[in-house]
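Tertiary structure, described
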Amino acid sequence: MSEGTAKKEEKPRKFQAIRGTRDLLPPETALWNRVEQTAHEVFSTFGFGEIRLPIFEPTELFARSIGAETDVVSKEMYTFSDPPEAAENLRRFFEAISEVGDKEPISSASNLGEKTTIGEKHLPELYRLQEEWKKSDLASLRPEATASVCRAYIEHSMQHWPQPVKLYYMGPMFRRERPQKGRYRQFYQIGAEVLEREVASGEWRVASREGKEVTSGPPQAGVASKELAKDAAVDAEVIEMVMTFFDRLELQGVQLDINSIGDRNCRPKYVELLRAELLKVKDRLGPDSQRRIETNPLRVLDSKVESEQGIIATLPHIADHLCEACAAHYAAVKHQLEMRGVMYRENWRLVRGLDYYMRTTFEITAKGLGSQNAVCGGGRYDGLVELLGGPPTKGIGFAIGEDRLILSLQESGKEVASGEWRVASKERKGVASGRHGVDVYIAWMGERAHATAIRAAKDLRKAGFSVELPPVELKFGKALGQADKLGAKYALILGDNEVSEGLWTLKTLADGSQQKLTEPQLLDFLRKL
Ligand code: HAM
């Protein structure tokens, strides 16, 4: 067989989206846009502004904030090396070494690429240096965005902005999880964060008579409880905002679960108590939970393993072990939610899988999602900004899984609730072709009619209507067939007669009725609908 024939027979590779990633196609993308638009609208009524963040960040940022031992950081991040010049020079240095063989005395670090001195005894140190460089230059695709928001808060000195700083974001996140319904490796989040500079104890500022701020002594009990009440109100408002958003979307079966996981005063003691209790029943637990007794006993409470449920039910509840301040904060959050008419369920097993939380944690589930039914997760993370090298700062926020939100809306048929939402219904015509929402199909015949059709399309589009203009002349019968396939509402028929009379024919495709209209009458008619 000649080379030419072999090439011809070789089938080109058929590419497919990588496992856990997917294309979002029209008409479904209209629903995504609609959901995102609603988020912009609702969040701005709560005083939030949009932040757009990089898709990748230093790996270290995520390891430090989410926690190096968490599943997200230890197993699920997409990490790659992104070396700056120093690492690149080092790489060239090692290349030079390998060219001459490592027995010879070679190259100097200051004279890279030139083969001069540095003996074998220096090599271990050089390898160590290279490892360090490599580590500090790792970047990861973001698995979530709270860490990035905190990084941006520090980078742009947002502690000097009017406080609190309220930001929201939307976009893709990446986690190498086992794909299934509602769980993807590239998924989308809509999230919001409230960050507020903390007034350090011993530095409480009160307004002097002249209206200037002066530094007073340590915080009074009254000030501390005021702060606590304020934090609780912020937590409740953030939760109210996400519930309002879901309400606006008419999301079905929404269930809000809340918990308090204490702070660095009371949680360690509870964790030790939990560990001690878990050790007593270790033999009856599965391998994951057994491992977590050592690494993170709180995560055992998260277990979905059927045989462990009875055991977990007997474990001590954190609510009984909160310190005074955390207990008061939790009570105030519940009171604040009640004042806002937000229904909740207390769930003492809600601990969340990321390390930065303290006090309030919450999760929202919705209908039609199977085992991956958490459509939103969030909580308070005071101290995270400080952990990342910033000033003492309080934080609370949430992230909605947009893929799951859309799935739930589709499952409950809510995407067809009102006019513009009519985008994903199967019975809708035009879905197969990927087209949707055509208002007017212009069926034209003849050169003069073509010019009029182009002008009419321009004017109708300017007025906000979706218009389909066939690029070549079609017989009217065929054109109307096309209009029908695309699910157009109207067909505007433009032939020689219509153009010369200045009276255009508008056909309503649903009932086949026709009317003659002048150009201004047509616009008036369509606008009134
Ligand atoms: P998270 O619980 O890891 O929290 O994620 C929030 C939501 O993102 C989940 O409830 C879920 O709906 C969605 N999600 C997570 N992983 C996947 C996946 N593989 N496929 C589809 N959807 C997924 C956070 O990310 C925190 N940053 C939330 C937060 C903001 N806490 C405070 N501020």
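For the structure, check the block above.
Residues numbered from 1 in each chain as written. Predicted model: local features only at pLDDT ≥ 70, side-chain atom pairs only at ≥ 80, totals over all residues. Heavy atoms only, no water.

**Section: the site of the ligand**
Within the structure, the ligand sits among 27 residues, and E144, E177, E193, Y357 and A374 are positioned closest to it. In this structure, a nitrogen atom belonging to the ligand sits 2.7 Å away from a side-chain N or O atom of E177. R352 places a side-chain nitrogen or oxygen 2.9 Å from an oxygen atom of the ligand. A total of 660 Å² of accessible area belongs to the ligand in isolation, and the protein chains cover 95% of it. Contributing elements (two or more residues each) for the shell around the ligand: β6 (186-197), β12 (374-380) and β13 (393-401). With six residues, β12 is the largest single contributor of residues to the shell around the ligand. (Near = heavy atom within 4 Å. Polar contact = N/O pair within 3.5 Å; in protein donor to acceptor, adjacent residues only side chain to side chain. Areas by Shrake-Rupley, 256 points an atom, 1.4 Å probe, with all protein chains shown as cover. Helix = DSSP H or I, 4+ residues; strand = E, 2+ residues; numbered from the N terminus.)

**Observations regarding the sheet that holds strand β17 (residues 504-508)**
Strand order in the open sheet made by the five strands is β15-β14-β16-β17-β18, with mixed pairing throughout. Strands with a single pairing partner mark the edges of an open sheet, and in this sheet they are β15 (467-468) and β18 (514-517). Direction of pairing for strand β16 (residues 490-494) relative to β17: antiparallel, over a ladder of four bridges. Residue pairing for β17: A491 is matched across the bridge by K507. Of the strands in this sheet, β14 (440-444), β15, β16 and β17 touch helix α15 (residues 447-462), which is tilted by about 170 degrees from β14. Across the sheet, helix α18 (residues 519-527) touches β14, β16, β17 and β18, and the angle it forms with β18 is around 125 degrees. (Pairing = 2+ DSSP bridges. Contact = heavy atoms within 4.5 Å. Axes fitted to C-alpha atoms, helices over the stretch in contact; angles between N-to-C directions.)

**Description of unusual backbone geometry**
Of the consecutive residues P26 and P27, the connecting peptide bond is found in the cis state with omega at 10 degrees. The topology assignment puts P27 in the loop between α1 (3-9) and α2 (28-45). Put simply, Q163 and P164 share a cis peptide bond, and its omega is -10 degrees. In this fold, P164 is placed in the loop between α7 (146-155) and β5 (165-174). Within the chain, S157 stands out as a residue other than glycine whose phi angle is a positive 45 degrees. With respect to the element layout, S157 can be found in the loop between α7 and β5. With a relative accessible area of 31%, S157 lands in the partly exposed category. Positive phi values are uncommon outside glycine, yet E250 reaches one of about 60 degrees. For E250, the position within the fold is in the loop between α8 (221-248) and β9 (255-260). For E250, a relative accessible area of 38% puts it in the partly exposed group. (Buried < 20%, exposed > 50% of the residue type's maximum accessible area, 1.4 Å probe, protein only.)

**A closer look at the packing of aromatic side chains**
Remark: the centre distance and the inter-plane angle together describe each pair of aromatic rings, the angle taken between the planes. Under the counting rule described, the total for this entry stands at nine aromatic pairs. Aromatic side chains Y356 and Y381 sit 5.6 Å apart centroid to centroid with 65 degrees between the ring planes, which places their arrangement in the edge-to-face category. With Y356 in the loop between β10 (345-346) and β11 (358-365) and Y381 in the loop between β12 and α13 (384-387), the pair connects residues that are 25 residues apart, well separated along the chain. Take Y356 and Y381: they sit in the same class, and that class is buried. By the ring-pair criterion, three or more aromatic residues cluster together here, those being F43, Y168, F245, F246 and F398. One Lys or Arg, R22, reaches over the ring of Y184 and ends 4.0 Å from the middle of that ring. Geometry around Y330 places K334 over its ring, the cationic atom sitting 4.3 Å from the centre. (Phe/Tyr/Trp six-rings, centres within 6.5 Å; stacked < 30°, edge-to-face > 60°. Lys NZ or Arg CZ within 6 Å of the ring centre and 35° of its normal.)

**Observations regarding the sheet that holds strand β4 (residues 138-141)**
A sheet is described by the order of its strands in space; here three strands give the open sequence β2-β4-β3, paired in antiparallel fashion. Both edges of this open sheet fall to β2 (56-58) and β3 (79-81), since each of them pairs with a single strand only. With direction set aside, neighbouring strand axes in the sheet form an average angle of 35 degrees. Where β3 lies against β4, three bridges are found, and the strand directions are antiparallel.

**So, the pattern of salt bridges**
One pass over the structure, following the stated rule, counts 27 salt bridges. Residues R22 and D403 are paired through a salt bridge, measuring 2.6 Å at the closest nitrogen-oxygen approach. Of this pair, R22 sits in the loop between α1 and α2 while D403 sits in helix α14 (residues 402-411); the two residues are 381 residues apart in sequence, bridging distant segments of the chain. The salt bridge involving K166 is made with E237; its shortest N-O contact spans 3.8 Å. Note that K166 is positioned in strand β5 and E237 in helix α8, a separation of 71 residues in sequence. Judged by its relative accessible area of 22%, K166 falls in the partly exposed class. Look at the salt bridges and you will find they share partners, linking E196, E227, K230, D231 and K394 into a network. (Salt bridge = Lys/Arg side-chain N within 4 Å of Asp/Glu carboxyl O.)

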